[in-house]
Amino acid sequence: MANSASGMHVNDECKIKFLELKGKRTYRYIVFKIDEKAQEVQVEKFGNPEETYENFTDSIPENECRYAIYDFDFTTEDNCQKSKIFFIAWSPDTSRVRSKMLYASSKDRFKREMDGIQVELQATDPSEMSLDIIKERAL
């Protein structure tokens, strides 16, 4: 049983899907949710490599907290193709206080389990995770 100091247990499927995204580029994004009854972080959904950033943002609930991993491809000023793995902690102001507390207290443990995250983003409003901000943070 997890306690708030250590954060929620991270289901093995989360780690497997993350490794597939990181190593094989099997997914464009993965959305994770905390299942309070099971006391663990679980995979909620994932997107195929051809999906867009808009597909990703549409997959995150407007009024509920989530963790997400997004594999962002971009081209540098030197015309080099690069990729950065983003961790996004989505905690909208409209979500339940208990939910915000659970996600906040479990974030560090979750990030430790997902070895290879390159950029972290905390968002409480869609404007805080716009494509422009993603591009800016990638460079």
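With an unreviewed UniProt entry as reference, the chain is termed ADF-H domain-containing protein, source organism Eruca vesicaria subsp. sativa.

(A) Here's a closer look at helix α1 (residues 12–24). Relative to the 18 Å expected for 13 residues at 1.5 Å per residue, α1 spans 17 Å between its end C-alpha atoms, a close match to the ideal helical length. Next to the buried residues of α1 lie β1 (9–10), β2 (29–35), β3 (40–47), β4 (66–75) and β5 (81–90). Here α1 starts with a cap whose side-chain oxygen sits 2.7 Å from the backbone nitrogen of E13, and that cap is N11. Among the residues trailing α1, R25 stands out with phi positive, at a value near 60 degrees.

(B) Structural context of the environment of K135. Counting through the fold element by element, K135 comes out in helix α4 (residues 131–138). In this structure, the C-alpha to C-alpha distance between K135 and K84, residues 51 residues apart in sequence, is 9.9 Å.

The rules behind these values
- Residues numbered from 1 in each chain as written.
- Predicted model: local features only at pLDDT ≥ 70, side-chain atom pairs only at ≥ 80, totals over all residues.
- Heavy atoms only, no water.
- Helix = DSSP H or I, 4+ residues; strand = E, 2+ residues; numbered from the N terminus.
- Expected span 1.5 Å × (residues − 1).
- Contact = heavy atoms within 4.5 Å.
- Polar contact = N/O pair within 3.5 Å; in protein donor to acceptor, adjacent residues only side chain to side chain.

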